[in-house]
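# Residue-level structural notes
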Amino acid sequence: MSAGKKTTPSRPRPADRVEHWDIETDVAIVGFGGAGACAAIEAADAGAEVALFEVASASGGSTELSSAEVYLGGSGGTRVQKACGYEDTTKAMFDYLMAAGGDLADEAKVRAYCEESTKHFDWLVSMGAPYKNTEYKERAIMALTDDCLLYTGSEKCWPFREIAEPCPRGHNLEIEGDNGGPLLMKTLTDQVEKRNVRIEYNARALTLIHNVEGEVLGLVVRIDNKELNVRARRGVILCAGGFVMNPKMLKQYCPRIADGPLPIGNPGDTGSGLLMGQAVGGALVNMDQHFITLPYYPPSSLTYGIFVNAQAQRFVNEDCYHARVASRALDQLGGKAYLIVSAEDYGHPSFMNAPIVGTGETVEELAEEVGLDSEMLRHTVDFYSRHAAQGEDPLFHKSAEWLKAMNAPYAALDCSLGEGAIYAAFTLGGLDTLPTGEVLTTEKDPIKGLYAAGRTACGIPRSASGYASGLSVGDATFFGRAAGRASAAHEPGL
Ligand SMILES: Cc1cc2nc3c(=O)[nH]c(=O)nc-3n(C[C@H](O)[C@H](O)[C@H](O)COP(=O)(O)OP(=O)(O)OC[C@H]3O[C@@H](n4cnc5c(N)ncnc54)[C@H](O)[C@@H]3O)c2cc1C
């Protein structure tokens, strides 16, 4: 009973108001995307009775919309890394992810992820996910061929290459085009359907049910316009995605992407999972952090160019991963960022859509067309070119493979937010959890009976500047499985 008030995620239902249970199960999972599917498979394989509630009329979520690259390695390498001649170490992977996460990194989760990463790869393969023993060597955002292994982060870039031995860890499914997400979700959905899992589509989880001790006993779902009380004896796992489709929450928690960037995700990314967890005492962490991309490559030749701000000064090593560059660009005064490139290196960006706002036979001519200080731009280009010709970048240590002196004529692309260039974002904040998926309070006490994974939780990916493609699906599937196992093992309540 809702006692007259509308049932919302922020209003948990006290157990003493539940007159009867409409559905009873061991483990109840909210959301049938990547995290929810993996949680269901593992909980069922551990012998638990599982019910999966999905608001949409099919499985998928953002995982299905994604390229489904997964970031995996360590332990001597995945089967693909080894076949491609890489002997990845757990230490290198750990050091890289810790450096990428910086002050925001969750060491316990990073450790668990790195130590078990190759086993997770084997598990995905055992579920039927196909990965070819080949490498895609181009600098790219995703492999549009069916090749597997590629660099998807800033491993080869300064400062990371000085901290950890670089190794490619992005794993792309064996399918042509950008079709990894549908293939991964079909593979996982088939596995869930093979098991004894009760799947309810068109079922919106409304709120959690908890008792006076603070233990989560179940949840309320709306099916066929009726509110049903679901008893989950061993726990509820929230796998309902992030909050990029909730403008109010974005304004409150993550204002940097509230206006301007394109929100990417599925319509269910409304933050309902986060709010449900928060309402029973779960702590929300990292809420101001997000992924953002400025997809300025391919073509990779644009990496020979330089990004400058409104002061005509460089602000980043341009060989970094696109989200790191996007994040640095947004940090510039007024969000102004221009990509200056020699005509010989220019190729129309495949995805970025930024307008050409200037061309010039000389730097001065270019500066005038763009509206930049010509003396400063001349200094920036000369300084860069002088050192690049020697294979050096004393300011930002761009890798030698992307360094060469700039030559006239030049072009400038306006990559400022709001001027046409695509900036696409999703959220990285969520419920604070242990590596087991147990949801923590602000005092770091686990909430009995409550788990979260995927973008509902705050996982391995912590910021745009430390992001690598494959960390979200890797994290969602890995920690979804962990939450499934932990919940299935939880002593059932009465
Ligand atoms: C275009 C695009 C490309 C991407 N490419 C990559 C990539 O290559 N690699 C990578 O690592 N990451 C990528 N990402 C990010 C990644 O896809 C997501 O972060 C990740 O898949 C999230 O998984 P999830 O299980 O947490 O959520 P989802 O897969 O979104 O699943 C959540 C599910 O919960 C359901 N739900 C929500 N609220 C409720 C409710 N109240 N009741 C019932 N059900 C509910 C939703 O309908 C949804 O089905 C990409 C994202 C996009 C949008």
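Along each chain, residue indices are assigned from 1 in the same order as the chain's sequence is written. Whole-chain, interface and lining totals are the exception, using all residues; otherwise, since this is a predicted model, local features are given only for residues with pLDDT of at least 70 and side-chain atom pairs are given and counted only at 80 or more. Values shown for side chains rest on all heavy atoms present in the structure; no hydrogens or waters enter the calculation.

### What about the overall build of the protein chain?
Helix and strand counts for the protein chain stand at 13 helices and 21 strands. Projected onto its principal axes, the C-alpha positions of the protein chain cover 80 × 50 × 40 Å. For the protein chain, the proportion of contacts with a sequence separation of at least 24, taken over those separated by at least 6, is 73%. Residue burial considers only the protein chains on display, and all accessible areas are found by Shrake-Rupley using a 1.4 Å probe. Taken as a whole, the protein chain presents about 18900 Å² of accessible surface, with 50% of it coming from carbon and sulfur. In this tally, Asp and Glu contribute negative charge and Lys and Arg positive charge; neither His nor the terminal groups of the chain are included. Where a charge lies is defined by one atom per residue type: Lys uses NZ, Arg uses CZ, Asp uses CG and Glu uses CD. Distance from the positive charge centre (44 side chains) to the negative charge centre (64 side chains) of the protein chain: 5 Å. Helix numbering and strand numbering both begin at the N terminus, where a helix is a DSSP run of H or I of at least 4 residues and a strand a DSSP run of E of at least 2. Two residues qualify as a contact provided that any one of their heavy atoms is within 4.5 Å of a heavy atom in the partner residue.

### Observations concerning the domain arrangement of the protein chain
Domain start and end points were adopted from an automatic or database domain assignment. For the protein chain, the assigned domains read domain 1 (13-65 + 181-291 + 424-489), domain 2 (70-177) and domain 3 (295-414). For domain 2 versus domain 3, the separation of C-alpha centres amounts to 29 Å. On the side of domain 3, 19 residues touch domain 2, which itself brings 14 residues to the contact. Accessible area that two parts lose when put together, with a 1.4 Å probe and added across both, is what the buried area reports. Summed over both sides, the interface between domain 2 and domain 3 buries roughly 1300 Å², with carbon and sulfur atoms accounting for 56% of that surface. Among the residues domain 2 hides against domain 3, the three largest losses belong to R139, I141 and W158. Together they make up 55% of the total. For this analysis, a salt bridge means a side-chain nitrogen from Lys or Arg found within 4 Å of a carboxyl oxygen belonging to Asp or Glu. Seen at the junction of domain 2 and domain 3, the total is one salt bridge. E401 serves as the salt-bridge partner of K156, at 3.7 Å between the closest nitrogen and oxygen. Polar contact criterion, stated in full: a pair of N or O atoms within 3.5 Å, where within protein one must be able to donate a hydrogen and the other to accept it, and residues adjacent in sequence count only if both atoms are side-chain atoms. Summed over the shared surface of domain 2 and domain 3, the result is ten residue pairs in polar contact (both at pLDDT 80 or more). In this classification, the charged set is Asp, Glu, Lys and Arg, the nonpolar set is Ala, Val, Leu, Ile, Met, Phe, Trp, Tyr, Cys and Pro, and all remaining amino acids, among them Gly, are polar. When the residues that make up the side of domain 2 that touches domain 3 are grouped by side-chain class, the tally is seven nonpolar, three polar and four charged.

### Concerning the side chain of S385
With respect to the helices and strands, the residue S385 is situated in helix 12 (residues 374-388). Residue classification places S385 among the buried residues on the basis of a relative accessible area of 10%. Contacts of S385, omitting those with residues within four sequence positions, involve A405 and M406. Accessibility here uses a 1.4 Å probe with only protein chains present; expressed as a share of the type maximum, an area under 20% marks a residue as buried, one over 50% as exposed, and anything in between as partly exposed.

### Observations concerning the pattern of salt bridges
According to the stated counting rule, one finds 30 salt bridges in the structure shown. R481 serves as the salt-bridge partner of E42, at 2.9 Å between the closest nitrogen and oxygen. Of this pair, E42 sits in helix 1 (residues 34-45) while R481 is found in helix 13 (residues 471-489), placing the two residues 439 residues apart along the sequence. Pair check on accessibility: E42 and R481 agree, each one buried. Between E49 and R233 there is a salt bridge; the shortest N-O distance is 3.0 Å. On the criterion of sequence distance, the pair formed by E49 in the loop between helix 1 and strand 3 (50-53) and R233 in strand 10 (residues 226-238) is long-range, its members being 184 residues apart. Exposure remark for R233: the relative accessible area of 24% places this residue in the partly exposed category. Members of the salt-bridge network, linked through shared partners, are E24, D26, E49, R233 and R234.

### Section: the side chain of D319
Position of D319 among the secondary structure elements: in the loop between strand 14 (306-308) and helix 10 (322-331). Although D319 is buried, it makes no salt bridge; R161 carries the closest opposite charge, 4.6 Å away. Leave out the neighbours within four places in its chain, and D319 touches R139, C157, T303, K398, S399 and W402.

### Some remarks on the site of the ligand
Near the ligand there are 38 residues, and of these E54, S62, T63, R455 and V473 occur at the shortest range. The separation between a nitrogen atom of the ligand and a polar main-chain atom of E69 is 3.0 Å. S272 places a side-chain nitrogen or oxygen 3.1 Å from a nitrogen atom of the ligand. When the ligand sits alone it has 1000 Å² of accessible area, and the protein chains cover 92% of it. Residues are labelled near a given molecule or strand when at least one of their non-hydrogen atoms is within 4 Å of it.

### A closer look at the sheet that holds strand 6 (residues 170-171)
In this description, strands pair whenever DSSP reports at least two bridges between them. The sheet built from three strands is open, its strands ordered 4-6-5 with antiparallel pairing. Bordering the open sheet on either side are strand 4 (70-71) and strand 5 (149-150), each of which pairs with just one other strand. Two strands pair when backbone bridges link them, and strand 4 and strand 6 are joined in this way by two bridges, in the antiparallel orientation. Paired with Y71 across the two strands is G170, which belongs to strand 6.

### What to know about the pairing of strand 2 (residues 23-30)
Remember that side chains alternate between the two faces of the sheet whenever the strand is regular. Among the eight residues of strand 2, seven are classified as buried, and the element is accordingly described as predominantly covered. One ladder, built from four bridges, connects strand 2 with strand 3; its direction is parallel. The residue bridging I29 from the neighbouring strand is L52, located in strand 3. Assignment of crossover handedness uses the view with strands pointing away from the viewer, where a clockwise path from the first strand over the helix to the second indicates a right-handed crossover. A crossover links strand 2 with its parallel partner strand 3, the connecting element being helix 1, and its sense is right-handed.

### Considerations on the nonpolar core
Nonpolar cores are built from buried Ala, Val, Leu, Ile, Met, Phe, Trp, Tyr and Cys residues. Side-chain atoms within 4.5 Å join them into one set. Among the nonpolar cores identified, the biggest contains 128 residues, and F53, L97, L219 and V236 are the most heavily contacted of them. F53 has contacts with I23, A28, I29, V30, G31, E200, A203, L219, V221, I223 and V230, leaving out every residue within four places of it along the chain. Counting residues in each nonpolar core, the second largest holds 18 residues, with I340, A367, Y384 and L403 among its members.

### Digging into a nonpolar patch on the surface
The patch calculation keeps residues exceeding 30% relative accessible area without a salt bridge and links them within 9 Å when they carry like charges or within 5 Å when they are nonpolar (Val, Leu, Ile, Met, Phe, Trp, Tyr). On the surface, L262, I264 and I422 cluster together into a nonpolar patch covering about 220 Å² of accessible area. Within the secondary structure, I264 sits in the loop between strand 11 (262-263) and helix 9 (272-279).

### Focus on the state of the cysteines
To count as a disulfide, a pair of cysteine sulfur atoms needs to be within 2.5 Å. This structure, assessed with the given rule, holds zero disulfides. The structure places no disulfide on C38, whose sulfur is separated from the nearest cysteine sulfur, that of C239, by 9.0 Å. Looking at C254, it has no disulfide partner, and the nearest cysteine sulfur is the one in C458, 11 Å off. Taking relative accessible area as the criterion, C254 reaches 0% and is therefore assigned buried.

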